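Residues per chain, in single letters:
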Amino acid sequence: MELKFTSFAFLLLFLARIGDAQPTASPGVFDVTKYGATTNGDISKAVLDAFKEACAATSPSTIVIPKGTYQMNQVKLQGPCKAPVELQVQAILKAPSDPKQLNADVEWLTVNYIDRFTLSGGGVFDGQGKQAWDQNNCKDSKSCSNLPNNLSFNFLTNSTIQDITSQDSKLFHINVNGCKNLTFIRVNITAPPESINTDGIHVARSSNVNITDCVIGTGDDCISVGDELEQLHITRVTCGPGHGISVGSLGKTPGEKPVVGVYVKNCTFINTDNGVRVKTWPASHQGVVTDLHYEDIIVQNVSNPIVIDQVYCPYNQCNKDLPSQVKISKVSIKNIRGTSRTQDAVLLLCSKGAPCDGVEVGDIDITYNGKEGPAKSSCENVKPKFVGKQNPPICAGAQSS
């Protein structure tokens, strides 16, 4: 009986000591405040120091930037890492507002060469771009993109960007290069219409990229596609303001590689300049764009809801007399409905140097209520296959130039 009592007393003492113990940080969690980050201070070094330890960990790790407002200068997170890494941004991060304080050749946050990377947390990346937009004089300069993007993801594999906001970037909000199996989900992008050259998500030289359930409003393309892209799926994206979802511009640079497989489905465009668009330069180098599919699209007060533009020439910085040499083929445009802000609801302006092939258009219902008359279409160097309803009539009396 005495032995049982002693054992019971020992157990009670052990449990009491556990209760008195101080809580410790969770294994694999790297809170930047433990590395010197303070609210309203520059946390660049703290983020880099936390990442260095997280990247070296042999088990999955999470870097946490807790709620609050922090300043952050340019940061590059460079892999490879030994295990999956998550950067959980719960905070509002602010970039320097003066572009002169930044290296124009380095993005604000760059993440390179990591497998199984996750960016999450519900936080905001505020690029504070207004001062930069005033200096971005693209109308008078052929080289005006000398500003940092908000977020740059390069050579990531099997990775996810979710539940974050990019706000008022100085240039592109998000740039994707050389990635494979990358998913964007519930990403919010916001900037006013006057924010010049602020593409929402630009994707190039990548494969198997998914963009889902995102809301994008900015001063340029909501999503833009560069060369050497395979299998981009865009689903349930709301775009506006902005210039639409664009493949291109392509053909300006020699040696561009094909764009193969772009799928845009269940998306909505509100008060945008364009809806779905393909754009290539005249007097261009050779290129290939194939396997493009647009389906179940709603357009609300969109200036040009459906566009293939092979004489794309912003600010008249090209020779429109020479045709584009980018070949566009295997395009389907189905079930697009809503309202156009201009009469030009459908523009299929293909190149006489490389006419479009395999274009299928079906179930289009786009109306225009202006004084000039009903919505209309314009077609050049294309002979589409028609399925279902066509409003406006597509390519009526179209000619090859």
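Residues numbered from 1 in each chain as written. Predicted model: local features only at pLDDT ≥ 70, side-chain atom pairs only at ≥ 80, totals over all residues. Heavy atoms only, no water.

- The protein carries the name Polygalacturonase in an unreviewed UniProt entry, which gives Nicotiana attenuata as its organism.
- Here the protein is described in UniProt, under the heading Sequence similarities (unreviewed entry), as follows: "Belongs to the glycosyl hydrolase 28 family."
- Quoted verbatim from the Subcellular location (unreviewed entry) field of UniProt, the annotation for the protein is "Secreted, Cell wall". (UniProt positions renumbered as here; feature names shortened; annotations may be inferred.)

### Some thoughts on the overall build of the protein
In step 1: Along the backbone of the protein there are three helices and 31 strands.
In step 2: By principal-axis analysis of the C-alpha atoms, the protein measures approximately 105 × 55 × 40 Å.
In step 3: Buried positions account for 50% of the 401 residues belonging to the protein.
In step 4: If you take every contact in the protein between residues at least 6 apart in sequence, the share linking residues at least 24 apart comes to 76%.
In step 5: Carbon and sulfur atoms make up 50% of the accessible area of the protein, which totals about 18,300 Å². (Helix = DSSP H or I, 4+ residues; strand = E, 2+ residues; numbered from the N terminus. Buried < 20%, exposed > 50% of the residue type's maximum accessible area, 1.4 Å probe, protein only. Contact = heavy atoms within 4.5 Å. Areas by Shrake-Rupley, 256 points an atom, 1.4 Å probe, with all protein chains shown as cover.)

### What about the UniProt feature "active site" (unreviewed entry) in the protein?
In step 1: With numbering matched to this structure, UniProt assigns "active site" (unreviewed entry) to His-243.
In step 2: Relative to the helices and strands, His-243 resides in the loop between strand E21 (238-239) and strand E22 (245-250).
In step 3: Sequence-distant contacts of His-243, that is, excluding residues within four places in its chain, are made with Gly-219, Asp-220, Asp-221, Cys-222, Asp-273, Asn-274 and Arg-277.

### A closer look at the environment of Arg-236
In step 1: Looking at the element boundaries, Arg-236 is found in the loop between strand E20 (229-235) and E21.
In step 2: Separated by 32 residues in the primary sequence, Arg-236 and Thr-268 place their C-alpha atoms 7.4 Å from one another.
In step 3: Here Arg-236 is in contact with Thr-212, Asp-213, Cys-214, Lys-265, Asn-266 and Cys-267, once residues within four sequence places are set aside.

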